[in-house]
Amino acid sequence: AKSIHSIQSTGGFIQVEIMMRAVALFIAVFLVGACDAFNPSSTTTTTAVRSSLTCLSAAVTAKTRPKLNKATGEWEKAEGDDGEYPYGAFGTLLRHGPSPFVSRVTNPAQYEQFVLSYMDGANVDRAEATGNIDAKMNNELDWMYQKMEEKKGRPKVDYTALKKKDAFLTITWAVFILPTVYYVVDKTISEVMSH
């Protein structure tokens, strides 16, 4: 019984160590990716992408308007569309949370189809379409409400803008709350299973 107790104590220590390493890994990823979230891609030089970070972008032009390939049923970007998003996947996480982030990372082809479809349907550029798709994936009902309000004359929301409050909340959830919830649930299950 004495050796089992020492193994359980060591197991708890290992779990805490694993959780601390996961938090440290997240912080490292945050620090490395933070530049991508706050700035446009360094390879992007188009004025539309740069201006979309500070104000709402202009309508899509004939050179950048995506086309629906009737044979495949998929959207294809135009020759004038550089295919660059206004921010990376980590920027999506900071701006709109885990749902659009997971979709963007796990199924980039489908995500691109959503963006191209929105570009064509709403007659907007890639930056504005990306922000709207992220916002819609995060909370579709709020996004739809905002779009209805815009039709009534309310100002447009710039979904590409990084709000410090949203970034802070995302980081707080990822670094503190979720690991704590995981630890409490894991500890509770371990206690229940041991009795």
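This is a predicted model, so every value here is computed, not measured. (Residues numbered from 1 in each chain as written. Predicted model: local features only at pLDDT ≥ 70, side-chain atom pairs only at ≥ 80, totals over all residues. Heavy atoms only, no water.)

> Please set out helix α8 (residues 164-194) residue by residue, giving values where relevant.
Given 3.6 residues per helical turn, the α-helix brings residues three or four places apart onto the same face. Compared with an ideal rise of 1.5 Å per residue, which puts 31 residues at 45 Å, α8 spans 44 Å between its outermost C-alpha atoms and is within 8% of the ideal. Bending of α8 peaks at approximately 40° at the position of Trp173. The set of residues buried in α8 consists of Ala167, Thr170, Thr172, Val175, Pro179 and Asp186. (Helix = DSSP H or I, 4+ residues; strand = E, 2+ residues; numbered from the N terminus. Expected span 1.5 Å × (residues − 1). Bend = angle between axes of the 7 residues up to and from the residue. Buried < 20%, exposed > 50% of the residue type's maximum accessible area, 1.4 Å probe, protein only.)

> Describe a nonpolar patch on the surface, and please don't skip the residues or the numbers.
There is a patch of nonpolar side chains on the surface, built from Phe168, Leu169, Trp173, Phe176, Ile177, Leu178, Val181, Val185, Ile189, Val192 and Met193 and spanning about 1100 Å² of accessible area. In this structure, Ile189 sits in helix α8. Take Ile189: its relative accessible area is 48%, and that puts it in the partly exposed class. (Patch = residues over 30% accessible without salt bridge, like charges linked within 9 Å, V, L, I, M, F, W, Y side chains within 5 Å. Areas by Shrake-Rupley, 256 points an atom, 1.4 Å probe, with all protein chains shown as cover. Salt bridge = Lys/Arg side-chain N within 4 Å of Asp/Glu carboxyl O.)

> Account for the layout of surface pockets, with residues named and values stated.
To find the voids left in a structure, one rolls a probe of water-molecule size over its atoms. Approximately 340 Å³ is the volume attributed to the largest pocket. Taken together, 19 residues make up the lining of the largest pocket; nearest its centre are Arg95, His96, Asn138, Lys163 and Asp166. Taken together, the elements giving at least two residues each to the lining of the largest pocket come down to α3 (89-96), α6 (126-138), α7 (140-151) and α8. Ranked by the residues each element gives to the lining of the largest pocket, the list is headed by α3, at four residues. Within the lining of the largest pocket, the residues separate by chemical class into ten nonpolar, five polar and four charged. (1 Å grid on protein atoms, 1.4 Å probe; cavity = no way out; pocket = protein on both sides within 12 Å on 5 of 7 lines; lining within 4 Å. Points joined across faces, edges and corners; volume = space filled by probe spheres on them. Nonpolar A, V, L, I, M, F, W, Y, C, P; charged D, E, K, R; others polar.)

> Go over the packing of α6 against α7 with me, naming the residues and quoting the values.
Taken N-terminus to C-terminus, the directions of α6 and α7 make an angle of 130°; their axes are 5 Å apart at the nearest point. Taken together, the axes of α6 and α7 lie oblique to each other. Residue-level inspection shows Asn132, Ala135, Lys136 and Asn138 of α6 in contact with α7, the latter providing Glu140, Trp143 and Lys147. When grouped by side-chain class, the residues that make up the contact of α6 with α7 number two nonpolar, two polar and three charged. (Axes fitted to C-alpha atoms, helices over the stretch in contact; angles between N-to-C directions. Parallel < 35°, antiparallel > 145°, perpendicular 65-115°, else oblique. Contact = heavy atoms within 4.5 Å.)

> Before we move on, can you summarise α6 with the specific residues and values?
Spanning 13 residues, α6 covers 18 Å between terminal C-alpha atoms, matching the ideal 18 Å at 1.5 Å per step. Counting buried positions along α6 gives eleven out of 13 residues, so the element sits mostly inside the fold. Buried residues of α6: Arg126, Ala127, Glu128, Ala129, Thr130, Gly131, Asn132, Ile133, Asp134, Ala135 and Met137, and no others.

> Can you break down the packing of helix α5 (residues 108-122) against α6 residue by residue, with the values?
Between α5 and α6, the shortest axis-to-axis distance is 9 Å and the interhelical angle comes to 120°. As α5 runs across α6, the sense of the crossing is right-handed. Facing α5, whose interface residues are Tyr111, Glu112, Phe114, Val115, Leu116, Tyr118 and Met119, α6 presents Arg126, Ala129, Thr130, Asn132, Ile133, Asp134 and Met137. Classifying every residue of the contact of α5 with α6 by side-chain character gives nine nonpolar, two polar and three charged. (Left-handed = near helix turned anticlockwise from the far one by under 90°.)

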